Amino acid sequence: MDIILKYFPNLSEVQKQQFAALYDLYTDWNSKINVISRKDITNLYEHHVLHSLGIAKIIQFRPGTEVMDLGTGGGFPGIPLAILFPDTHFHLVDSIGKKVKVATEIAQAIGLKNVTTRHCRAEEEKQQFDFVVSRAVMPLTDLLKIIRKNIRKEQHNALPNGLICLKGGELEKEVMPVKHQALVYDLKDYFDEEYFETKKVVYVTING
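Residues numbered from 1 in each chain as written. Predicted model: local features only at pLDDT ≥ 70, side-chain atom pairs only at ≥ 80, totals over all residues. Heavy atoms only, no water.

Visitor: Please set out helix H6 (residues 140-147) residue by residue, giving values where relevant.
Guide: Of all the residues in H6, the buried ones are Leu140, Leu143, Leu144, Ile146 and Ile147. The buried residues of H6 all sit within an arc of 165 degrees when viewed along its axis, so they share a single face. Packed against the buried residues of H6 are strand S1 (66-70), strand S4 (131-135), strand S5 (162-168), helix H7 (172-175) and strand S7 (199-205). (Buried < 20%, exposed > 50% of the residue type's maximum accessible area, 1.4 Å probe, protein only. Helix = DSSP H or I, 4+ residues; strand = E, 2+ residues; numbered from the N terminus. Arc of directions from axis to C-beta. Contact = heavy atoms within 4.5 Å.)

Right, dumping it as C-alpha cells:
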C-alpha cells in the first residue's frame, strides 16, 4: 500500500481505505477464481494497482467523464482508477463471466458507486464513452476496430476522446499504423520501480 501513497500522496481517507482493502479481497477471490497469477498476488500493489494508475499520470479525468474498461479481467485498470476518480463513471466489460463476477464483488465490497460491470464480448457493447481503457488485451489495430463505435464525439477532457492502453515491451510496429494519432508514454518516467522499465501507456485519439 505504501507504494500507492508514494506516488499518490493526496488520497482521502476513504480512498486509502479502499486501496488498503484490495489486498485481502483479491487474495481471497484469487484462491477461488484465478484472476491474477498465484505467484504474482504478493506484487498486487506494484504490478496491478500502481500499473493501472499509470493512466492517471497521462490524464486527469474530469468529473462526469465516462470510461469503458475493456477486457477488465478481475478489474484492472478499472477498479484502481475508479477509486482514484470517484466522479468518473467506469464500465467494466469482460467476455469471461467469472472474472466479471470478481470485479463486481470487489467494487461492491469497497463501496464503489461509480462502477458498472457487464459480461459480454467487446463487439456486443454498444454504449458510448469518452475513453476506452485496457491492459494488453489485443493488438492496437484490432482493438481500435472494435471500440471506434464506442467513442462519443462530444469532448470535455484535456485530451481528446480515444483509447488509452497499458502495454509492455517493443511497440514500434504495433503503433506504426496509427502513429499520427498516437502518443506513447514511458511509465519509467513516472515510477522508479524496475517493473516499469518496459511498461508504457499508449494513447490514441479517435475523432468520432
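Visitor: Would you mind going over the pattern of salt bridges in detail, with residue names and values included?
Guide: One pass over the full model with this rule turns up 12 salt bridges. Note that Asp28 and Lys32 form a salt bridge whose closest N and O atoms lie 3.5 Å from each other. With a gap of 4 residues between them, Asp28 and Lys32 both fall in helix H2 (residues 13-32), about one helical turn apart. For Lys200, the salt bridge identified is with Asp186, shortest N-O distance 3.7 Å. (Salt bridge = Lys/Arg side-chain N within 4 Å of Asp/Glu carboxyl O.)

Visitor: Requested: an account of the pairing of S5, with residues and values cited.
Guide: By the criterion of burial, S5 is predominantly enclosed, with 6 of the 7 residues buried. In this structure, S4 lies alongside S5, joined through 5 bridges in parallel fashion. Bridged to Arg135 within S5 is Leu166. In this fold, S4 hands off to H6, which returns the chain to S5; that crossover is right-handed. Pairing geometry for S5 and S7, over 7 bridges, is antiparallel. (Pairing = 2+ DSSP bridges. Right-handed = clockwise from strand over helix to strand, strands pointing away.)

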